[in-house]
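Chain and residue survey
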Amino acid sequence: MKIFSLFVLILLTSAAFAQTEKWQDNVGAKTFPSQTEEFIVKNTRIAEHTQLIQQAIDKCAEAGGGKVIMEPGTYLTGSVFVKENVNLVISEGVLIKGIQREDVYPIIETRVAGIELEWPAAIINIIDVENAAVSGSGIINGQGKYFWDKFWNAFPEYDQTGLRWALDYDIQRPRGILVQNSKQVTLKDFTIQEPGFWTVHILYSNNVTVDGITIQNNIKEHGPSSDGIDIDSSKDILVQNCDIDCNDDNFCLKAGKDADGLRVNRPCENIIIRDCVSRAGHGLITFGSETSGGIRNLEAYNLTAQGTLYGIRLKSAKTRGGVIENVYIHDIEMDDVFVPIRGTLNWFPKYSYSKLPDWVEEVPEHWKVLSQKVKKKKGIPKFKNFHIKNLVATHSGSAIELEGLDNSSLENFVIEDTQIDCKRPGYIRYAENWKFIDVEINALSNEAVTEEYSSGIEWIYNK
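Calculation rules
- Residues numbered from 1 in each chain as written.
- Predicted model: local features only at pLDDT ≥ 70, side-chain atom pairs only at ≥ 80, totals over all residues.
- Heavy atoms only, no water.
- Helix = DSSP H or I, 4+ residues; strand = E, 2+ residues; numbered from the N terminus.
- Expected span 1.5 Å × (residues − 1).
- Bend = angle between axes of the 7 residues up to and from the residue.
- Buried < 20%, exposed > 50% of the residue type's maximum accessible area, 1.4 Å probe, protein only.
- Contact = heavy atoms within 4.5 Å.
- pLDDT = per-residue confidence, 0-100.
- 1 Å grid on protein atoms, 1.4 Å probe; cavity = no way out; pocket = protein on both sides within 12 Å on 5 of 7 lines; lining within 4 Å.
- Points joined across faces, edges and corners; volume = space filled by probe spheres on them.
- Nonpolar A, V, L, I, M, F, W, Y, C, P; charged D, E, K, R; others polar.
- Core = buried A, V, L, I, M, F, W, Y, C linked by side-chain atoms within 4.5 Å.
- Phe/Tyr/Trp six-rings, centres within 6.5 Å; stacked < 30°, edge-to-face > 60°.
- Salt bridge = Lys/Arg side-chain N within 4 Å of Asp/Glu carboxyl O.
- Pairing = 2+ DSSP bridges.
- Disulfide = S-S within 2.5 Å.

As for helix α5 (residues 145-160)
The first and last C-alpha atoms of α5 sit 23 Å apart over 16 residues, in line with the 22 Å expected at 1.5 Å per residue. The largest bend in α5 is about 40 degrees, located at Ala154, with the proline Pro156 one to four residues further on. Residues Phe147, Trp148, Phe151, Ala154 and Tyr158 constitute the buried set of α5. On its buried face, α5 sits against α6 (164-170). At the C-terminal side of α5, Gly162 shows a positive phi close to 75 degrees.

Below you can see the structure in the form of C-alpha cells.
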C-alpha cells in the first residue's frame, strides 16, 4: 500500500511534466528581428545620448525594422524605448551609463513589487511591442548608487515609524531593463550592472528569451532590491546561460501582491530556467513573495549556486494568496549556500503587512492600494506538487528550513536523490504529505530534521 501511495504522489508532483511537451516546446521567443537595415549610433561628444539613441531606434522602426548598432564608446542615457522589429545591438566596447537624475526616466504605468502604479521607466524599455531584441556583448551600467543612497537615507525614519512596508514604493528607482506587455522578445549576451532597482523585469509578457546575460550588481556596494531576473505574471519564458551576482533574489517568479494582485489575477506560468549560475544574492530560484495570481508549471535544471544566501526559496504572506504548483527542479549544485531549501509563508512582516498610521493626514494613492484588506481565506497561499531531484549541497548552515501557515499550505512535495552537507539539519513545520526518497542530510550536529505540526512526512531509502 505504501509503495502504491508513493507512486501516486510522484505522479501528482510530476503531472505537469508527463504531458508537458506542449508548454515546454512553446517557451521562449519564436521570432527575432530579421530585417537587414542597419542604423548606426555614433559615440559623438555630447553630454547625454538619450535622444541620439532614441532617434536611431525610431528611424529603424519606421523603416520596417532592423539593427540599431551602437559603436564602441561610452554613452550616458536616460530611458530609451525599443520598438517593434528592432534589435538594439550593444556592441563589444560599448558602455551605457544610466544618468543619475530622476527627470530622464519618464513616469509610466507599470507594476512594481506586486502592485500597479506609476513609476519611472527603466533604462531600456520594451513596452507594448511584438518581435524585438537587445543583444551584443557590451555593458549597461545603471549607476544605481545615486538611487540606493536615497533609499538608505530614508530607511531609518520609515523603519522607526512603522512604514517599512511603504519605503520601497515611495523611493522610486529605475529598473535596468523592462519588458512589459510584449511578446517574442530576446535579451542576449550583454552584461548589465548596478541598476537603481530590479535588473531585468519581465512583466505581463509572453514568449521571452533571456540568454547568456551577465548581471553584476555588487561591484562596489550592495544596492537594495537589486534583483537579478524577475518573471512577473508572464507566460512561456525561457532563461538560460545566465550568470547573476546581485543583492536580492537572483531568479525570481512573481504574480502580484495582496488585494491588487488578486484583482489582476494573472499567473506566472510555463517557465524554463536552465544552465545558469547564481553567486551573491538572496535566492538561486525564488517563488514570491508576490504570489497572488499564482505560479505554475516551472522546470529548472542544471543550475549552480555559489555563495548565494538561499537556494530554493519559497516566500509569501498571510494576505498574499495564490497557488504555486507543478514545479520540477533537478540537477542542482550548491556550495556555501546558507540554507539550500528555505521557505516561510509569513515572510518579513514589517514589509508584508501594510497598516495606515493614524497620524498621516494625506495618504498617497499607492498606500491605499497596499493597505486594502484581504479576506482570510483568500489570503492564505498554497504551495503544492513540488518535485526536487538530484540536488547536491556542500558547506551549508541548515539543510532545510520550511514553515507553512497550516497543514495544507505546503503539500505534496517529493525530494529525491539529494545530498546536503551542513552544520544543522533544520526543520519542517505545517507541511502535509512529503516524501524524502534517498535523501542524505549529513549534519555536524548529528540530529534529524525537526518535524512539527505536520502529517504524512516519510523518509524512504531504496539504495
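Here's the deal with the confidence of the model for the protein
Confidence along the protein averages 94 in pLDDT terms, with 95% of residues attaining 70 or more. Note that pLDDT drops below 50 for residues 1-5; the model gives that stretch one contact with residues more than four away or on any other chain.

Section: empty space enclosed by the protein
Enumeration over the complete set of coordinates arrives at two cavities of 30 Å³ or more. In this model, the largest cavity occupies a volume close to 50 Å³. For the lining of the largest cavity, the elements supplying multiple residues, two or more each, are β28 (382-403), β29 (410-429) and β30 (432-443). Broken down by class, the residue content of the lining of the largest cavity amounts to eight nonpolar, one polar and no charged. Size it by volume and the second largest cavity reaches roughly 30 Å³. Looking at the second largest cavity, the residues that line it are Ile53, Thr77, Val80, Leu88, Ile96, Ile123 and Ile124. In terms of residue class, the lining of the second largest cavity is made up of six nonpolar, one polar and no charged.

Points about the nonpolar core
A general feature of soluble globular proteins is that nonpolar side chains tend to end up buried together. Residues Ile229, Phe287 and Trp434 are the most contacted members of the largest nonpolar core, which totals 92 residues. With eight residues, the single largest contributor to this core is β28. Ignoring anything within four residues of it in the chain, the contact list for Ile229 reads Val200, Ile202, Val210, Ile213, Ile215, Val239, Cys242, Ile244, Asn250, Phe251 and Cys252. One finds Trp119, Tyr158, Tyr169 and Tyr351 within the second-largest nonpolar core, a separate group that totals 22 residues.

Comments concerning the packing of aromatic side chains
One pass over the structure, following the stated rule, counts 18 aromatic pairs. Each ring, one from Phe287 and one from Phe386, has its centre 5.4 Å from the other, and the planes form 65 degrees; the classification is edge-to-face. Here Phe287, found in strand β23 (residues 283-287), pairs with Phe386, found in strand β28; they are 99 residues apart in sequence, far enough to count as distant. As far as the burial class goes, Phe287 and Phe386 line up, both buried. Centroid distance Tyr430 to Tyr453: 4.8 Å. Interplanar angle 15 degrees. Geometry classified as stacked. Taken together, the residues span a long stretch of sequence, with Tyr430 in the loop between β29 and β30 and Tyr453 in the loop between β31 (450-452) and β32 (455-460) at a distance of 23 residues. Using a relative accessible area of 25% as the deciding quantity, one classes Tyr430 as partly exposed. Note on Tyr453: relative accessible area 53%, which makes it exposed. An aromatic cluster is present here, built from Phe287, Phe383, Phe386, Phe413, Trp434, Phe436 and Trp459 joined pairwise through their rings.

Let's talk about the pattern of salt bridges
Evaluated as defined, the whole model comprises 28 salt bridges. Between Arg263 and Glu116 there is a salt bridge, and its shortest N-O distance comes to 2.9 Å. Within this pair, whereas Arg263 is found in helix α7 (residues 258-264), its partner Glu116 is found in strand β8 (residues 115-120), the two being separated by 147 residues in sequence. Since its relative accessible area comes to 52%, Arg263 is described here as exposed.

A short note on the environment of Gly114
Topologically, Gly114 is positioned in the loop between β7 (107-112) and β8. A sequence separation of 119 residues divides Gly114 from Ser233, and the C-alpha atoms of the two residues are 9.6 Å apart. In this view, Gly114 contacts Gly256, Lys257, Asp260, Gly261 and Glu290; residues no more than four positions away in its chain are not counted.

Remarks on the layout of surface pockets
The calculated volume of the largest pocket comes to roughly 420 Å³. Looking at the largest pocket, it is lined by 26 residues, and the ones nearest its centre are Arg164, Asp168, Ser225, Asp248 and Trp347. Mapped onto the lining of the largest pocket, the elements with two or more residues apiece are α5, α6, β21 (249-254), β25 (310-315) and α8 (349-352). The biggest single contributor to the lining of the largest pocket is α5, with four residues.

A few points about the environment of Ala61
Position of Ala61 relative to the elements: it lies in helix α4 (residues 50-62). Under the relative-accessibility criterion, Ala61 is labelled partly exposed at 27%. Placed 253 residues apart in sequence, Ala61 and Leu314 show a C-alpha to C-alpha distance of 41 Å. Those residues in contact with Ala61 that sit more than four places away from it in its chain are Lys83, Glu84 and Val86.

Looking at the pairing of strand β10 (residues 130-135)
With respect to burial, β10 is a largely interior element, five of its six residues being buried. Looking at chain direction, β10 and strand β13 (residues 183-188) are connected through five bridges and run parallel. Opposite Glu130, over in β13, you have Lys183 as the bridge partner.

Quick notes on the state of the cysteines
If you walk through the whole model with that rule in mind, you get zero disulfides. Cys246 takes part in no disulfide bond, and the closest cysteine sulfur, belonging to Cys252, lies 9.6 Å away. Cysteine Cys276 remains unbridged, with the sulfur of Cys242 as its closest cysteine sulfur at 4.6 Å.

Let's talk about unusual backbone geometry
Apart from glycine, the bulk of residues carry a negative phi angle, and the bulk of peptide bonds sit in the trans form. Cis geometry is adopted by the peptide bond preceding Ser289, which originates at Gly288 and carries an omega value of 5 degrees. Although it is not a glycine, Tyr430 sits at a positive phi angle of roughly 55 degrees. We note that Asp438 has phi near 50 degrees; this positive angle belongs to a residue other than glycine. Along the chain, the position of Asp438 falls in strand β30. Residue classification places Asp438 among the buried residues on the basis of a relative accessible area of 12%.

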